[in-house]
Amino acid sequence: MERTLWVVGLLVLFALCLWLMYRAWQKKARRQAASIGELPAVPADLGAQLLEPTTGLYTGTTLAPSWQNRVAVGDLGFRATAELTRFERGILLERDGATAIWIPQESITAVRTERGHAGKVMTQDGVLVIRWKLPTGTEVDTGFRGDDKTVYPAWTASATGTMTGDEKK
């Protein structure tokens, strides 16, 4: 009987911890909602495709410059397998089980590689990070861990406009 009470007590404590974590995530989302606002919609005309789609893992979006301050608004804070494609008018990040993220070209301030992002730590230059400005003016970093990291130089070069003829489609 005593063992049963201990097990029930621990299960109640575990459930309480889960509920408190959920409440904290919801509170964080409410605090961030005003600074995040509405994300840009995917336009009908994306322009010419500049880079081949690359598959990988969307690691999340964080408030710049912090690599750990994950955005909790909507589904931006949840990891998902994804496909990243570079177009003339911006970058399209299509995530499995979540809404697509459109990053307009004029909003992109940097594309770089990092060791970690949104709590995901990799080897050196293991995560591709896109810094961009939301319509509200808030700067965020969107992270992507590609399945093929050899494409990262083309991505970082495309952001600075230094693509060679071989890198363009």
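Above this note sits the structure.
Residues numbered from 1 in each chain as written. Predicted model: local features only at pLDDT ≥ 70, side-chain atom pairs only at ≥ 80, totals over all residues. Heavy atoms only, no water.

Colleague: Please explain empty space enclosed by the protein as it appears in this structure.
Modeller: Which parts of space are left empty comes out when a probe the size of a water molecule is rolled across the atoms. Within this structure, the stated rule accounts for 1 cavity of 30 Å³ or more. Roughly 40 Å³ of volume is contained in the largest cavity. Lining the largest cavity are I36, L39, T61, V71, L76, I101, W132, L134, V140 and T142. Broken down by class, the residue content of the lining of the largest cavity amounts to 8 nonpolar, 2 polar and no charged. (1 Å grid on protein atoms, 1.4 Å probe; cavity = no way out; pocket = protein on both sides within 12 Å on 5 of 7 lines; lining within 4 Å. Points joined across faces, edges and corners; volume = space filled by probe spheres on them. Nonpolar A, V, L, I, M, F, W, Y, C, P; charged D, E, K, R; others polar.)

Colleague: Mind showing me how you'd approach the environment of T156 here?
Modeller: Following the sequence through the fold, T156 ends up in helix 2 (residues 152-160). Taking the C-alpha atoms as reference, T156 lies 8.4 Å from L128; in sequence the two are 28 residues apart. Excluding anything up to four places from it in sequence, T156 contacts V111, R112, T113 and L128. (Helix = DSSP H or I, 4+ residues; strand = E, 2+ residues; numbered from the N terminus. Contact = heavy atoms within 4.5 Å.)

Colleague: Explain the sheet that holds strand 4 (residues 101-104) here, please?
Modeller: The strands making up a sheet associate through hydrogen bonds between their backbones, and the pairing can be parallel or antiparallel. Pairing is antiparallel across the open sheet formed by 7 strands, whose spatial order is 4-3-2-1-9-8-5. Each having just a single partner strand, strand 4 and strand 5 (108-114) make up the two edges of the open sheet. Across the sheet, the mean angle from the axis of one strand to that of its neighbour is 30 degrees, orientation sign disregarded. Note that strand 1 (residues 49-63) and strand 2 (residues 80-87) share 7 bridges and pair antiparallel. When the bridges of strand 2 are listed, L57 appears paired with T81. (Pairing = 2+ DSSP bridges. Axes fitted to C-alpha atoms, helices over the stretch in contact; angles between N-to-C directions.)

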